Every structure is written in C-alpha cells, then in structure tokens.
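# A structural walkthrough
As a plain string of letters, each chain reads:
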Amino acid sequence: MPVDVRRPVLCVCKDPGGTNGLVPVYKKLVEMGIDAVLIANGKAVELLSNSPDKLNFRTFGSAEDVLKEFPCPNSLVTSMCSDNGGNLGKELVAKLKKICPTIGLNDYWGASLNWPEENRPDYIVVNDKIGAECVCRAWNIKVNTVTLRIRKFGYPALDEFANFDKAKLRQEAAKELGIDEHEKVVLFVGGGTHTGNVLKATVRALGMYYHLTDSLVTLIPREHPRMRTNYIDEFPVWDEALKDYCGGRIINGDGVAKISINKLLARADLVISDFSTVLITASVLGVPNITYFDKDIEAYFKKSTSGAMEVPPVVSLGCSVMAINYEELWRLVVANFQVGLKLEEHQRRAFVVDGKNAERVAGFVQALNE
C-alpha cells in the first residue's frame, strides 16, 4: 500500500457507545470541508456496515497498518472504548502523541480512564463538570492544567435529540412490535459482566409487581450488542432468567434487535439497566428509569471507571433512581406505575441537547490545526 500524502483527521471508533459519539463529529468535520478518514474496529465495523447512512469507512489490522498509509495525520479523534478484543484508537494515541494532537471522546462519565499514561490523549472531551472531575481524579491532573486538557462540550451522540419526535417513534415502535396502546412496557437494557443476574432480579421484581397488583407488564429484554461474543458467560443466565418470567409476555429475539434503541425507549414506560449509557438517552427522552446497583455491579462500575465515582452520575444528577437489591427494585417498579418516579425536572436540566455538541468538538479539532 503506497503512503498517502494526505494529512487527514483520523476518526476512530470501536464500541456502540463510542461509535454513536464519534460518527456525528466525523460528519461535522466533513461538512466543514475538513479532510477526515473514518476508521472502524470491533463492533463498529458491523454497526457502520449496517447503518442506513452508508458512510465510507476504513478497517485496519493494527495501528502500524494505519500509520503505513497515514504516517503524519493532521490529528486523531478517537472514542474511548473498552479493551475487549483490542482497541485501535488506544494504540494510535500512544504512537501519534509526538506527531499530531490526539483527542479522546468520552461517551460516559469516567469511561476508559484506566488507560495507561502513554495511551491517554492530549485532550479529552466530556459532557459536564462531573466528567471533568472524573478525569482529574483518575489522571491526577492539577486544577491549573484542566482547561488545557479537558473540554466540556456535551455528548455528540445527543445531537440527534435536538428535534426529536418522541410521539412519532413511540407509535412506530408499538406498530412494529405489536404492542397495544395501553400495555405497560418495561425495557430491560443489557450490559456486560453480571447482566444475566441483573435481568434475573428484574424478572423477579416484575413478577412481584404482578403478584401484588394483578397488572401485566410486557417485558422487552434488549441484549448488549456484544453480549454473546464478549460476555459469553452471561447468556446462559440471561436465557434462564427469561424462562422464569410470569408477569406478562416477553418480546425479544431478532425483531427487537432490529429496532433502534431510540424507538424502544420512546415506547417504554420504564427502563431498567445497570449503568448502561442507554440510561442517558432514556433521561434525555424523559423516560423513567432505574439503575440496578447491587454489590457486584458496584464493584464492576468502580473498576470500569477507575474508581472515579461512587455511583453512576445519572443517579447523582437525579435522572435515575437506584435499587441496590431485588426488594428495592420491585418497590420502585410499583412506585413507577402507581405514582411515578418524578425524575422529569432533573432530566430536563442534566444534558446539553442543543444539537451543537459535535459542532463544538469539530470546531476545537479545526482550531488545533490552524
């Protein structure tokens, strides 16, 4: 492969959450007339291949392969994703630090802050003050250097909700899933490690709700896109939990997998998960949601966020309520359907949804190279 004399902005994504945040920035860079190359690895390859946007993207076997073709890029913008199955963006940060500016996009407070120092980007984009504080604690950044490395631009993935028609998507989801207008619907959003046990607790809680109120609930369990590849120990527990559901009907399988998560959220009357990034979207849409946070999930959360936080910010911001065990979970389910969880005001204030988050990131990337 001949060396490319171009000096593009390399835009690298891997996991679903990171891809959702990176792609709007890539699109905005292209819209601004900036030469940019979209590079996918991991789950992003499948997601972009099946995307209706039909974006042109590249795949490479290693960071070395990228640099053979683009030895001196203008800058690197990478999502900050997990290490499961390798991480091209993380590898490129270390190799490009002395060559060009490197920018990391955080799609969840504290995510991937456990990257070793050589893999930490020059700059990191976060949603808010909480995100900035997480970076400072994890990377031991002094206050007077914060403005040099951290940018609070909001989550680019949320730009699509600036003019979001929730009512329309709610109707479309109901039609596609065959859900009656008056059905109570709980969407369970799967995570990674321990997600099978979280679903098990959810099934028990909804069963208790039915026992107490004689009200049926339609359960839609949505698997994490990588559960059956990266978390293979979870799916036997997941499948067994669903066999025990006695509180109504279950809608799952390929039909659910093919429907966008936003449509499912729009139709849900309640969302239950661990600390999934989907709870951010649920909060933006004003959907009641519960964070299941028992001791196992708490330990997993702290490890995933390098100990930067005690509880998920959706909880501390008042956008989600937390259940630490099955008993608390069924009580919150009952409360949701009887009096509501009363999260709406906090949800309205917590996130920047002006449609310009990606524009702010792209503008920053442009300014770094002027």
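Our subject is the structure that appears above.
Anyway, here's the lowdown on the structure attached to this text. (Residues numbered from 1 in each chain as written. Predicted model: local features only at pLDDT ≥ 70, side-chain atom pairs only at ≥ 80, totals over all residues. Heavy atoms only, no water.)

### Overview of the packing of aromatic side chains
Within this structure, the stated rule accounts for 12 aromatic pairs. Relative to Phe351, the ring of Trp109 lies with its centre 6.0 Å away and its plane at 40 degrees, an arrangement referred to as tilted. In this pair, Trp109 is assigned in the loop between strand E4 (102–105) and strand E5 (123–126) and Phe351 in the loop between helix H17 (344–350) and helix H18 (357–368), connecting sequence segments 242 residues apart. Exposure remark for Trp109: the relative accessible area of 0% places this residue in the buried category. (Phe/Tyr/Trp six-rings, centres within 6.5 Å; stacked < 30°, edge-to-face > 60°. Helix = DSSP H or I, 4+ residues; strand = E, 2+ residues; numbered from the N terminus. Buried < 20%, exposed > 50% of the residue type's maximum accessible area, 1.4 Å probe, protein only.)

### Thoughts on the sheet that holds strand E6 (residues 150–152)
Read from one edge to the other, the open sheet built from 6 strands follows the order E2-E1-E3-E4-E5-E6, with strand pairing classed as parallel. Each edge of the open sheet is held by one strand with a lone partner, namely strand E2 (36–40) and E6. When strand polarity is set aside, the average angle formed by the axes of neighbouring strands in this sheet is 20 degrees. Pairing analysis gives 5 bridges linking strand E1 (residues 9–13) to E2, with the strands arranged parallel. In the sheet register, Val9 faces E2, and the bridge partner there is Ala36. Those strands touched by helix H1 (residues 16–31) are E1, E2, strand E3 (75–79) and E4, and its axis lies near 160 degrees from that of E1. On the sheet, helix H4 (residues 88–96) packs against E1, E2, E3 and E4 and is oriented at approximately 150 degrees with respect to E3. (Pairing = 2+ DSSP bridges. Axes fitted to C-alpha atoms, helices over the stretch in contact; angles between N-to-C directions. Contact = heavy atoms within 4.5 Å.)

### Looking at the pairing of E4
Here E4 shows a buried face lined by Thr102 and Gly104 and a second buried face lined by Ile103 and Leu105. Looking at chain direction, E3 and E4 are connected through 4 bridges and run parallel. Paired with Ser79 across the strands is Leu105, a residue of E4. Handedness of the crossover is the feature at issue here: the chain leaves E3, passes through H4, returns alongside E4, and the resulting connection is right-handed. Across 3 bridges, the pairing between E4 and E5 is parallel. Opposite Leu105, over in E5, you have Val125 as the bridge partner. (Right-handed = clockwise from strand over helix to strand, strands pointing away.)

### A word on the sheet that holds strand E11 (residues 321–323)
Strand order in the open sheet made by the 5 strands is E8-E7-E9-E10-E11, with parallel pairing throughout. Each end of this open sheet is capped by a strand with a single partner; those strands are strand E8 (218–222) and E11. Neighbour to neighbour, the strand axes of the sheet diverge by 25 degrees on average, direction disregarded. Where strand E7 (residues 185–189) and E8 come together, 5 bridges link them in parallel fashion. Paired with Phe188 across the two strands is Pro221, which belongs to E8.

### A closer look at the packing of helix H8 (residues 195–213) against helix H10 (residues 235–243)
The N-to-C vectors of H8 and H10 enclose an angle of 10 degrees; their axes lie 8 Å apart at closest approach. What the angle tells us is that H8 and H10 run roughly parallel. Together, Thr195, Gly196, Asn197, Leu199, Lys200 and Val203 of H8 and Val237, Trp238, Ala241 and Leu242 of H10 make up the contact between the two elements. Residue composition of the contact of H8 with H10, grouped by class: 6 nonpolar, 3 polar and 1 charged. (Parallel < 35°, antiparallel > 145°, perpendicular 65-115°, else oblique. Nonpolar A, V, L, I, M, F, W, Y, C, P; charged D, E, K, R; others polar.)

### Let's talk about the pairing of E5
One ladder, built from 3 bridges, connects E5 with E6; its direction is parallel. Across the sheet, the residue bridging to Val126 is Lys152, located in E6.

### Some remarks on unusual backbone geometry
Phi at Ser112 is positive, roughly 60 degrees, even though this residue is not glycine. Residue position: Ser112 is located in the loop between E4 and E5. Positioned with a positive phi, Asp214 is a non-glycine residue whose angle comes to about 60 degrees. When you line up the elements, Asp214 lands in the loop between H8 and E8. In this structure Asp214 comes out as exposed when scored by relative accessible area, which is 60%.

### A look at the side chain of Thr78
Looking at the element boundaries, Thr78 is found in strand E3. With residues near it in sequence (within four places) discarded, Thr78 still touches Val12, Gly89, Val93, Ile103, Gly104 and Leu105.

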